[in-house]
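Below, each chain spelled out in residue letters.
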Amino acid sequence: MSLSAAEDNSASEIHIPADIDWHMLDKSKFFFLGAALFSGVSAALYPVVVLKTRQQVLPTHISSLKLSLSIMNHEGVRGFYRGFGTSLMGTIPARALYMTALEVTKSSVGTATVRLGFSDTTATAIANAAAGLSSAMAAQLVWTPVDVVSQRLMVQDCNASTIKSSKSVIPSSSSFRYMNGLDAFRKILNADGPRGLYRGFGISILTYAPSNAVWWASYSVAHRLVWGGIGCYANKKDENAVNVGGGFGYRPNSKEMVAVQGVCAAMASGVSAMITMPLDTIKTRLQVLDGEENGRTRPLTVMQTVKNLVKEGGFAACYRGLGPRWVSMAMSATTMITTYEFLKRLSTKNRESLTS
């Protein structure tokens, strides 16, 4: 993300490398490098996702540390990577859809909002929110079936790796035993049809679309505020400023840019996680747990899921796994945004366009 952090009437200006639009990218390089970079990011963060998912489906709260030690003792390191192969296979096409929708929407909406007379700050926030919304909706077409399969593999044998008491047993997880992702895909498809693979699709859209919109809008606002603060601070340090057109100009180095991106990503993640956590918990339970009706196993409805959560622990039960989710989102967002900006610069057709 790049911007001029100072107001028009200010003598201070921050000179950051120009933003890279969709038309400036070498698409084949962008997608190939993106698949490699984000696969590595997914592998590093996957154990936190497993912790978050298990906390969400267990009927009682178990701390992240206690659950981590239990998984390690009963399942070893492999327990933290249940379903990872399936998740990785889905990450590549889902990320491709996500990045395409993100860049195309951001570029088109940003241009349109500026033409409508919005200020640069407002136009950036609107464009980022719209881009986050559209990219999440596009990615969910691929990601929901992958999520259903990988999450079922994550919680399979979960009862064996938690504290052995009736209160820590998952009440109605799937009755099937899955050998791997392909076996799970086949059994879910045979039992429930395509609807089984898209279980929770609606609530996934309601979770991830607003979450992405909030995240990208919050990130753009935080980015502008942080750089604005740095600009005011840099203006007071003559030794770090150079005279530009009668005012002061500050050129941050690459380490400072990465640090600001990371801080802004963590701030945006906190806002997004707090707002959308209840929806994420409901979504996870819809995709993983089943209910019983007249002796038959049936998918839970949204209302049944909410009632079960409230019965188990009140409204606070909707926030089980908030810690791991915030950590996962913050780490993922920080690595994602820094990797993403690095990826865009590696994939630019004309490197000279990166100079401000």
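Residues numbered from 1 in each chain as written. Predicted model: local features only at pLDDT ≥ 70, side-chain atom pairs only at ≥ 80, totals over all residues. Heavy atoms only, no water.

Per an unreviewed UniProt entry, the protein chain goes by Solute carrier family 25 member 44 and derives from Dovyalis caffra. Turning to the protein chain, the UniProt record has this under Sequence similarities (unreviewed entry): "Belongs to the mitochondrial carrier (TC 2.A.29) family." The record in UniProt for the protein chain states the following under Subcellular location (unreviewed entry): "Membrane". (UniProt positions renumbered as here; feature names shortened; annotations may be inferred.)

(A) Expanded view of the packing of aromatic side chains. Enumeration according to the criterion identifies eight aromatic pairs in this entry. Summarising the aromatic geometry, the rings of Phe 315 and Tyr 319 are spaced 5.6 Å apart at their centres and angled 65° between planes, so their arrangement reads as edge-to-face. For Phe 315, a relative accessible area of 57% gives the class exposed. An aromatic cluster of at least three residues, connected via ring pairs, comprises Tyr 46, Tyr 81 and Phe 84. Its guanidinium or amino end placed over the ring of Tyr 98, Arg 95 lies 5.8 Å from that ring's centre, counting from NZ or CZ. (Phe/Tyr/Trp six-rings, centres within 6.5 Å; stacked < 30°, edge-to-face > 60°. Buried < 20%, exposed > 50% of the residue type's maximum accessible area, 1.4 Å probe, protein only. Lys NZ or Arg CZ within 6 Å of the ring centre and 35° of its normal.)

(B) Structural context of the pattern of salt bridges. Within this structure, the stated rule accounts for 11 salt bridges. Where Asp 147 meets Lys 283, a salt bridge forms, and the shortest distance between an N and an O atom there is 3.1 Å. Separated by 136 residues along the polypeptide, Asp 147 in helix 4 (residues 120–155) and Lys 283 in helix 8 (residues 254–288) bring together distant segments of the chain. For Asp 147, a relative accessible area of 6% translates into the label buried. (Salt bridge = Lys/Arg side-chain N within 4 Å of Asp/Glu carboxyl O. Helix = DSSP H or I, 4+ residues; strand = E, 2+ residues; numbered from the N terminus.)

(C) Representation of the UniProt feature "transmembrane region" (unreviewed entry) in the protein chain in the model. Listed under "transmembrane region" (unreviewed entry) in the UniProt record, and renumbered for this structure, are residues 30–51 and 258–279. Secondary structure across residues 30–51 comprises 100% helix and 0% strand; the distance between its end C-alpha atoms is 31 Å. Summarising residues 258–279: 100% helix, 0% strand, and an end-to-end C-alpha distance of 31 Å.

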